[in-house]
Structure formats: C-alpha cells, structure tokens
Amino acid sequence: MSGSDEVWKVNRERDAQRETFESNLPKKGPIGEALAPVAGFGVSLRNFFRPTVTEQYPKVKVPTMPRYHGRHQLNRHPDGLEKCIGCELCAWACPADAIYVEADSNTPDHQVSPGERYGRVYQINYLRCIFCGLCIEACPTRALTMTNEYELAGPTREGLIYEKQDLLAPMGENMLAAPHPMVPGTTDGSYYRQEVDGPVEEQVAWVREHRPDDPTLPENRGATTVENQGGGRA
Amino acid sequence: MTATADKPAAEVVDTVTLTIDGTEVTVPKGTLIIRAAEQVGIEIPRFCDHPALKPAGACRQCLVDVASPAGPEGKLRAFPKPQASCTMTVTEGMVVNTQHTSEEADRAQKGVMELLLINHPLDCPVCDKGGECPLQNQAMSHGRPESRFVDVKRVFEKPLALSSEILLDRERCVLCQRCTRFSKEIAGDAFIDLQNRGAQQQIGTFDEDVLDFDGYRPVGAATVDEAGKAFSSYYSGNTVQICPVGALTSAAYRFRSRPFDLVSSPSISEHDSSGSAIRIDHRRGKILRRLAENDPVVNEDWISDKDRFAFAWQNLSDRLTRPLVRKDGELVEASWPEALAAAAAGIKAQTTGDDARGAAVLAGGRVTLEDAYAYQKLARVVLGTNDVDARARTASDEEQAFLGAQVAGTGLGVTFGELEKAPTVVLVGFEPEDEGGVVFLRLRKSLGRQQVVAVAPFLSRGSEKLGATLVPAAPGREAAVLADLPADVREALAQPGAVIVLGERAAEAPGAFAAAQDLASSTGARVAWIPRRAGERGAVEAGALPGLLPGGRAVSVKAARDAVAAAWGVDALPSAKGRDTAGIVKAAAEGTIGALVVGGVSASDLTGDVAAALESAGFVVSLEVRRSEIAEAADVVLPVAPPSEKPGTFVNWEGRLRAFATAIRTDAMSDHRVLDLLAREWGVELGTGTVEAVNAELAALGAAEAAHRPAAAKVKAPARNPRPKKGAAVLATWHQLVDEGALQDGEPYLAGTGRVAVARMSAATAASLGDAVSVEVSTEAGAVELPLVVTEGMVDGVVWVPVKSPGSWVARDLRAAAGAVVSVKGAA
Ligand code: SF4
Ligand code: SF4
Ligand code: SF4
Ligand code: FES
C-alpha cells in the first residue's frame, strides 16, 4: 500500500469516528421549516423600503472616516526640511515587506533633513501594503503618517511602487524646499522639540544663492504653478 | 583543515572544577569565569570582554556572585560584592551565581546598564549599529524597562574622524576600551587612548609630538581632537567590528544599510596571499561591507583594512558585462558566440600560416587556482606554448626552480600557527605589514617571545613594531648578506621551529633562494614563501608558470611532460622553454609573439613596455572584470566574474586550500569557464568548465615525484655591487598595503588611510644631495618626485620609494625594479 493510500485510510477512519454536524441555531417549528426555501425573498422585500446605500463612486466621492488608513505621506518640518532620517524602522516594522529605504549622509551642500542622516531612496510598494499602519507606529520622527487617500489602483506594477517624491507631503504655506541648511544654531533635537517654526532669512538666502529659480522662494511664490511639490500623483 | 591539524595531540592540562548556576563544569586552569560559563551555555552580558583581547574589566557589565572555598577547612566564603566574571579566573570548588540564579548579580547588572545608558544618546535610528548592537540587545535583556534619567545628556561634537575611514561618535562610547586594546595589543598602532576623567572621559588621539610620525602619516584628512592627530593603521577597521556600540563606524558603510537588509555570504579575501576568511554583506546584488570571519587557524578574528574596505572596484562604471569585439577600430558589444569565434579566429590567424608567430598567455596573480589551471592548460594544449606566466611582477628562473622544487604540491608547509610559535623569523624580501596583511598580526602576537630579523635596506615601521632587528642589505644584495649572517642570527635560526620567510621580492635578489636554502639546511630552519597576491600560490600549484606543469612538474623533464600529456589525453606537450612575464612582454614588443591572451594584469605593474607589446602583437584577447588599460587595447574583450560572483579556490601561502562559494549570483562567468568555451572553438575539450571538473583533474594529477621536479637553480650571488656614483642610488621599493592598486579603486575613504608617499634615504646619502626637502628619482624612462625623509640606520647609497602609491608609480614611471641604479636629485 502506498503512503498516500495509507493516509487516505486513516483519514476515512477518523471521519467515521466524528460526530455528525449539529447546528447551534434554535430549531424552527414546522411552519418555519416549510417556508425556509423562500425565506430569502423576505430579505429582498424588506430592503425595497429602506434607503439605498449604493455609493456613486467614482462620480461621487464620499469622504472616509477621519482615521482611515490610506496612502502614506512623508512629512516635512515647518521650514521645509524632510522629517525622514532614513532609519528604516518603518521597513523593519512592515509585516508585508512593502517599504524600501536607502539612507545617506547629509552634507553642508545637501542638507535634506535635520541631523546627519536622510532617506535618499524611499519606496512603498502598494501591491504589498496591507495598510496596517505598523510603519507609522515605528517611525521615530513622525515623518511617516497616513492620509485618507484610497485611490490606489493602477495599470502597471511599477506604477504602484511609490517613490519618495510621490509620498512627500505638499509644501506648506511658508515652507522652503529642501535641501537647504538647518536653522542656524539649532540641532536635530530642536527640530524634534518643535522649536523651529518656519524658514529663517539665512535659509532663504542660501536657497536664493544656490537655486534662484526655486518656486518656494518668497519672490517666486505664485509666479509659476509649482510643479511636483509632492503629495501623491495627481 | 581544522585547528587540530596543526598540532600532533592536545597536551594534558590541569583542570579545575567549579559550579555555575548549579551546573558543575570542569575547565582548564586559568580559564576566566565568563568563558567557563559559555561552555555550559550560560550567557553573561558583557561589553569589554573579547576572547582575543586581554581582560580589562572596564565596563562592569559582567558582574556575578562568586563564592570560593577559603580558610584551612575550605569553607565556602562569598565575595562581599559581585565580581567581574571577565577578569576573574576560576578556582577549584568555586561557586558562581549569575544573573539567572542570583538576584544580587541581576540587580548589579541592571544598575551598570542604567549607568551606561545615562550618557548614551538614544539615537539608535541614525546609528549604524542599530539592529546588531550588543548594547541595544543587552539593554533589552538585562536592562530596566524604563529610564529614570531625566537630566541632560553629555554631548560631544560628532562624528570625529579618526582617519578618513574611521569615524568616532564619542557620546555613544561605553568606554570598554576594546578599540584601544586592539590597537595596542594586536595592531601595535597605539594612536587612540582614553582621555580625561569622569563624565568627560572619552576616546581620543595622541599628540603628534609625542609619537614620532616620521613619514608614516596617512594621505587623507583627519580631524584633530583636544590633543591629537590622525589615526593611522592598516588594521583600524577591526575596531569598528569589535566596538560593542555604534561609537566607531566606517565612512564607507555609514548610513548605508541595516543588518536586516543584508544577505551575508562567507568568502575569502582576494587581496593577499593569507586567504583571510571574510563575510560579504550584500543588498540587492551590491556589496555594502565586508567583515572578518573568525578562522582560528588563519586570520583569527582580524583582517586588514584592504580586505575589509576594498570591494568597490568591481562595481565601478567601467565594469564589463558583455563581450567586446573590435570592429573598424572600435570596441563594440557583441554576443558571446560572436566574440568567442572572433577571438579564436584572430588567434588562429596569427599562429598559423606562413608568417605564423607564437602565442602567449599572461594570467595575472589574482586568479584562483582553477583559473590559473585553465590558463596554463589553454596555453599548452590549445596554443602549444609554454609562454604562460601568472607572475605579473619581477620574476626569475631561480624563483621558479625553487617553487617547483620546494613549494608546488607540497601541501601544508609552515603554517600561521608555526610562524607564530617560531622562536626566530628571518624576513627576506618581505615586509609583513605592507605585503602580508594578517601575517603581520600573527608575528606581532609573539612580540617579546620571538626574534624577528629583517634583511632589508632599513627597518620599516612595521618591522619596528615587531621588535625586529635589522640586517642591512641593499636591494639585490640579500644573497650575499644571507651567506654572511651575524653569528647570533645563525644561532637563533638553529633553534627548533625557526623560519626563513621569502617574499615575492626575493625574486629581485639574484641568488637569494639558493642562499636561503643553504642557510636552512645548515641551521635546520624551515623556509616559507609568502607572496603578496592572492593567486600566486594557486598559480604555482596549477602550473601557470613557464617552466612548471601542475603539481610542481618541470617542463624540462620529459617524463613529467609525458605524465601530464597522458592525463590530459594529448600526444605531447610543448617542450620549448617558456618565457616569463617580462620575457613575453619583451618578445611581444619585438614582434615575435603574434597573439596574447591576457587575464587580470595591470599594465602599470610591469616594468616592460606593455603598450608596445600590445601594439606589436597581432591579436590580443583580454579577460577582464573592468575596462582596464589592456582591455582598451585588446581586439576581443571577454568579461569575467570578480571573486564575489564566482566560486573558486585560493591557495594561501601556507598551502591551505581556501575555497569559496558564489556570494552574489550574476551571469558573469569565471575565467576557467570562459577559457573552456574558447578552447571549443578549436574543437578542444579543455575540461575546465566547472570548479569541480578542474579540481578533479588537479586531484588526479597530484603532486610531482621528486624526479619530475626542477633542479634548484645554481645562481651565484652577484659580486659586490659597484658603489653608486654621486647623483645615483640603488632603488629599493615595495608595495604599501594601502596604495593605488587596481583592486582598491573607487574607495576614497580607504585611500585616505594609506600612507603618504615619501622617498627614504640615509642621512649620509641625503646629505650628498645638499639641502633637499624632496628627491627626484629618475631613470631614462621617467621620474618621480617625492618628499625626502631621512631614515635612520638605512643602507647608504639606497633610495626607497613605494611601488604604487599616489605620485609614485615605479613600474610605470621609472620602468625599474628594486636593485636598479637610478639617478637622484635633491630639490629644495
Ligand atoms: S501600512 Fe503596514 S503593510 Fe503598509 S507599508 Fe505600513 S507596515 Fe507595511
Ligand atoms: S519614514 Fe520614519 S521610520 Fe521610515 S525611514 Fe523615515 S524616519 Fe525612519
Ligand atoms: S569606541 Fe567602542 S570599542 Fe572603543 S571604548 Fe568606546 S565603545 Fe569601546
Ligand atoms: S565584560 Fe567584564 S567588565 Fe566588561
């Protein structure tokens, strides 16, 4: 007798020993038993008289609950520096292995986030993400949060791997696009303690000198439509 | 090979029996409590303790409760306070209670951990050690769940660059002193030490005025702290690996990755002939770092910085991935079949017909055993020539005869362990620190127990660190010096276990091999040959030398040729005397060689006119990882795999087989496989398609019997060199460990730790140049100008410059090797 036959036989025997299935639901009376085959129509009939719940998506877009787990967002400090330090803790926490991060060193000429380290490559693969939010909990700098955006479908696989520029939060009112130096006299600690509340003149001057055409400079603001300030794929 | 292979049998040792957490354990006398606990699987947390370093008791994390029998009746008496288990040796009847069984010990450990964390910044998210940090792990397992510390932590400016490669974040340091103990005890580069006291205690560097730097400064910039100067050591990377926190990091790996990203593959270093065990950590097919693996019989816990940091070369933008064929003067990408056909057709066109010229093979010293075997088999079976040489450096027939007679196929000779235990070591043409890598660390381990004698033009800093005595020898005069060694050195060599080490530069000294062997036979010392490159010993074993067949068989002995021919299933092997690398380059330049097959050779390593050779050779096939100078001049370029992308075997200088597997899977092929495919174009089955096939062939061939080996060459030591005239000097030169070799390309941080190139001369020789601060060393071919450093005790009439350091490419610029007479001119 082959191995699989053996297993089969044992299973058969075990099945034979099992008790027959008994439902826990209360037993119906004789009328109930008789009407049981058409009882389902009752459900339909009842719903004829209820308000419709069908959503007219995509014609009408209903807002989600405020804490809905949607697309991620990489936040910025008030002066425009990125909050992400490339620590990979989000990638570490992710149960679906959806996040890929490569860090690099900030340099005086290329200061992207406060401190020494920033996330050079940041990708979230929305084909893998299960929107559990564990990455958000892991992030030590509150760089990563989730938005309510739920329209995450697309025709290609590559397209669903969101890069850093797709995830970065839109530039706020006065923010100055990174890279630029930190506020003079501050440390990364000052940023975490929220002691920085916007770009200072030195930072603006630095950007003016290095990127005179930067659309986030006060003089360029509003002059042109700002392209790709982040905030998902419009 | 296992650790026991080195020793005949374990000696009987005194043992001690003690009880740890209720478990009785018997260990050799003198064992530390922490080691005894490890043996019964009890883990005691620790930071400063490291098995390869002397106990320090610096961190106090390993506290345990100890009681030992005392008094006349041997009553168990407990120590009043917990004791550091990493500094206390076991005694008979001792009772140890660790944190598992003693609340007192557990409380003590938690307290120490709390103290250590007081000033430790909680910057794990930006710290490279995060995820593999003993402090992180032990704080989780043995620390308090919550911190009670509410005050401001101590901060330092960070990071402090100890060198261009090694960065120190002092606030993360737990003052365990592993790094300082390593640099003092193991490497002998005491450049860092504890400074200040109390909360301000920190690791820092010494004052330059305290230590005499004397021309051994690193190339790169390094910041200065309160007192000091730059950390310059060839072994500094080990401190990064043993630092139990993220205080020491390397610039190359800083912020690059996290341990959970990395795939670790064990491998063998391709950088020197020691065959050090390493671990390659890679992410998405890209190497991010290399670490030392513990191999007790070879490199123990350490590797050199070159082994650790030099890996970027293989992924530079000039990496070859597809074959190239020259069409209308341009190298263009081609398919493999097309390139192989073109290569074979080109070689055939040169080697057949009316104006047929010969073919020759240069394999390069970095190939594996299998690759070397394939190169020589291709030369002998397909190209019908003995013009094959893997020694891309100065080589001699005398050396070849020595290698055939004494080295090839002799298996394990002198080992690392024996070298360490040798009472006397005489170094000839060999600088352990610059040319040996971890060999230096092994010799240094015996500092004070071993007499090292350097036969060299001057006592280098490396030799000084070994406590070596100098037997001065001008380059080329080593043989005469060996024949006439001081009586005390001869006596010391007569002690059992003494070793004479010959380096690759012994080939530059006529008669040195014979003299060393005479010395060995008259004193009973053993001879070890320690070449520099990783592939040299394997090439000797595989027969990739013009006069040697596999296993040490001499080409000149007909019976040996017939034996190999029979094994290979060919009628006969070529019997004409083959040319060595220099001979091949010369012949090619003169137009007598039509086709060249060149492996991993850097043109700038050869003194011959390589450009002319490539020009005059009718057809050049280059097997290369990158677009090298030779590949650029070739007619067909076949891409081959770097060591991390192929399996293979390096044979280290001991004769130990150091096999390694593929670390990163790519579609790049090994040289031996490419040559196997190439041979098929002639209809020849080379049989070198796989590592297994080559090893089976090598095993079947075995080592040569004595009658088949070459006879030792009788080379007379030259009569006394004429004393160089004024304005001339004899050139002495060797490679520094960190220099501008092709395998160190693309790693600026490592390059910064290499030493500044200087020219060295004795005071008298320097004085003859007048008031010079720099020296121009020149030959007819060119000149190099380097800052002058007057070196005490140096042989007069000699000038030393590094072979391939920044601003000093001797082979390319001077076209001269050690022993040549060069012109020297002082410059203010
Ligand atoms: S939400 Fe969950 S699955 Fe998605 S990226 Fe974050 S951790 Fe991963
Ligand atoms: S998003 Fe947060 S957790 Fe992820 S790498 Fe950036 S800082 Fe670290
Ligand atoms: S730098 Fe690292 S190895 Fe050196 S004392 Fe500090 S913690 Fe120990
Ligand atoms: S490990 Fe024992 S004192 Fe540090």
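Above: the structure in question.
Residue numbers restart at each chain and count upward from 1, following the sequence in its written direction. Note on labels: chains are lettered from A, ligands numbered from 1, in written order. Only residues with pLDDT of at least 70 get local features here, since the model is predicted, and only at 80 or more are side-chain atom pairs given and counted; chain-wide, interface and lining totals rely on the full set of residues. Side-chain measures here rest on the full set of heavy atoms in the structure, leaving out hydrogens and waters.

Undergrad: Kindly report on the overall build of chain A, identifying the contributing residues and their values.
TA: Secondary structure is summarised from DSSP: a helix means a run of H or I of at least four residues, a strand means a run of E of at least two, and numbering begins at the N terminus for each. Summing up its helical and strand segments, chain A has eight helices and five strands in all. Start at the N end of chain A and walk to the C end: the helices and strands fall as α-α-α-β-α-β-β-α-β-β-α-α-α. We compute the radius of gyration from the C-alpha atoms alone; for a globule the expected value is 2.2 Å times N to the 0.38, where N is the number of residues. Since a compact globule built from 234 residues should have a radius of gyration of about 17 Å, the 28 Å found for chain A marks it as more spread out than a globular shape. Along the first, second and third principal axes, the C-alpha atoms of chain A reach 85 × 60 × 35 Å. Using a 1.4 Å probe on the protein chains alone, a residue whose accessible area is under 20% of its type maximum counts as buried, one over 50% counts as exposed, and one in between counts as partly exposed. The burial tally for chain A puts 37% of its 234 residues in the buried class. Computed by Shrake-Rupley with a 1.4 Å probe, the accessible areas treat only the displayed protein chains as cover when residues are assessed. Surface accessibility of chain A: about 15400 Å² in total, with carbon and sulfur atoms responsible for 55%. This count recognises Lys and Arg as positive and Asp and Glu as negative, with His and chain-terminal groups excluded. Positions of charges follow a simple convention, taking NZ of Lys, CZ of Arg, CG of Asp or CD of Glu. Distance between charge centres in chain A, computed from 25 positive and 33 negative side chains, equals 10 Å.

Undergrad: An account of the pairing of strand E35 (residues 798–802) of chain B is requested, with residue identities and associated values reported.
TA: Residues and elements named next belong to chain B. Most of E35 is tucked away, with five of its five residues classed as buried. Burial of E35 is two-sided: the residues Val798, Trp800 and Pro802 facing one way and the residues Val799 and Val801 facing the other way are all buried. Two strands pair under a simple rule: DSSP has to find at least two bridges between them. One ladder, built from five bridges, connects strand E31 (residues 728–734) with E35; its direction is parallel. Within E35, the residue paired with Ala732 across the bridge is Trp800.

Undergrad: Would you mind going over the packing of aromatic side chains in detail, with residue names and values included?
TA: The description of two aromatic rings rests on the distance between their centres and on the angle between their planes. All names here are of chain A. Put simply, two rings from Phe, Tyr or Trp (the six-membered ring, in Trp's case) pair if the centres are within 6.5 Å, and we call them stacked under 30 degrees between planes, edge-to-face over 60, tilted for the rest. Evaluated as defined, the whole model comprises 14 aromatic pairs over all chains. Between Tyr126 and Tyr162, the ring centres sit 4.9 Å apart and the planes meet at 85°, which makes this aromatic pair edge-to-face. On the criterion of sequence distance, the pair formed by Tyr126 in the loop between strand E3 (117–125) and helix H5 (134–138) and Tyr162 in strand E5 (residues 161–162) is long-range, its members being 36 residues apart. Of the two residues examined, Tyr126 and Tyr162, each falls in the buried class.

Undergrad: Describe the sheet that holds strand E23 (residues 526–530) of chain B, naming the residues involved and giving the relevant values.
TA: Residues and elements named next belong to chain B. What the five strands build is an open sheet, ordered E21-E20-E19-E22-E23; its pairing is parallel. In this open sheet, the two edge strands, each paired with only one partner strand, are strand E21 (469–472) and E23. Shown here is a sheet whose adjacent strand axes are inclined to one another by a mean of 20°, direction ignored. One ladder, built from five bridges, connects strand E22 (residues 499–503) with E23; its direction is parallel. Looking across to E23, one finds that Val501 is bridged to Ala528. Contacts are assigned to residue pairs that have any heavy atoms within 4.5 Å of one another. Helix axes are fitted only over the stretch in contact, all axes being lines through C-alpha atoms; the angle between N-to-C directions runs from 0 to 180 degrees. Across the sheet, helix H16 (residues 512–523) is in contact with E22 and E23; its angle to E22 comes to roughly 170°.

Undergrad: Mind laying out the side chain of Asp79(A), listing which residues take part and the relevant values?
TA: For Asp79(A), the location among the structural elements is in the loop between strand E1 (72–74) and helix H4 (89–93). Of note is the side chain of Asp79(A), whose polar atom sits 3.1 Å from the backbone nitrogen of Leu81(A). Within 3.5 Å is the distance limit for a polar contact, defined as a pair of N or O atoms, with the added protein rule that one can donate a hydrogen and the other accept it, and that residues adjacent in sequence qualify only through two side-chain atoms.

Undergrad: Explain the site of ligand 1 residue by residue, including any values.
TA: Think of it this way: one heavy atom of a residue within 4 Å of a molecule or strand is enough to make that residue near it. Residues in contact with ligand 1 amount to 14 residues; listed here are only the nearest, Cys94(A), Cys129(A), Cys132(A), Gly133(A) and Cys135(A). Under the scheme applied, nonpolar residues are Ala, Val, Leu, Ile, Met, Phe, Trp, Tyr, Cys and Pro; charged residues are Asp, Glu, Lys and Arg; polar residues are all the others, including Gly. By residue class, the composition of the shell around ligand 1 is twelve nonpolar, two polar and no charged.

Undergrad: Any chance you could break down the environment of Gly404(B) for me, citing the residues and the numbers?
TA: All names here are of chain B. By the element assignment, Gly404 lies in helix H9 (residues 397–407). With a relative accessible area of 0%, Gly404 lands in the buried category. Between the alpha carbons of Gly404 and Gly551 there is a distance of 8.1 Å; along the sequence they are 147 residues apart. Other than its neighbours up to four places away in sequence, Gly404 contacts Leu548, Gly552, Arg709 and Pro710.

Undergrad: Give me the lowdown on the interface of chain A and chain B, citing residues and values where you can.
TA: In this complex, chain A contributes 16 residues to the contact, which on the side of chain B involves 18 residues. Joining two parts hides part of their accessible area as seen by a 1.4 Å probe, and the buried area is that hidden amount summed over both. Buried area between chain A and chain B, both sides added, is near 1400 Å², and the carbon and sulfur share of it is 54%. Contact with chain B buries area across many residues of chain A, yet Trp92(A), Glu116(A) and Arg117(A) alone supply 45% of it, more than any other trio. What makes a salt bridge here is a side-chain nitrogen of Lys or Arg within 4 Å of a carboxyl oxygen of Asp or Glu, nothing more. Where chain A touches chain B, the interface holds five salt bridges. The partner of Glu116(A) in a salt bridge is Arg254(B), with the nearest N and O atoms 2.3 Å apart. Taken together, the links from chain A to chain B amount to four residue pairs in polar contact (both at pLDDT 80 or more). Counting residues per element, the side of chain A that touches chain B draws most heavily on strand E2 (residues 99–105) of chain A, at six residues. Grouping the constituent residues of the side of chain A that touches chain B by class yields nine nonpolar, two polar and five charged.

Undergrad: Would you mind going over the site of ligand 2 in detail, with residue names and values included?
TA: In the vicinity of ligand 2, the contacting residues are Leu74(A), Cys84(A), Ile85(A), Gly86(A), Cys87(A), Glu88(A), Cys90(A), Tyr122(A), Cys139(A), Pro140(A), Thr141(A) and Leu144(A). When its residues are assigned to classes, the shell around ligand 2 shows nine nonpolar, two polar and one charged.

Undergrad: Tell me about the pairing of E3(A), and please be specific about residues and values.
TA: All names here are of chain A. Counting buried positions along E3 yields eight of nine residues, so the element is predominantly enclosed. As paired strands, E3 and E5 are joined by two bridges and run antiparallel to one another. Note that in E5 the partner of Asn125 across the bridge is Ile161.

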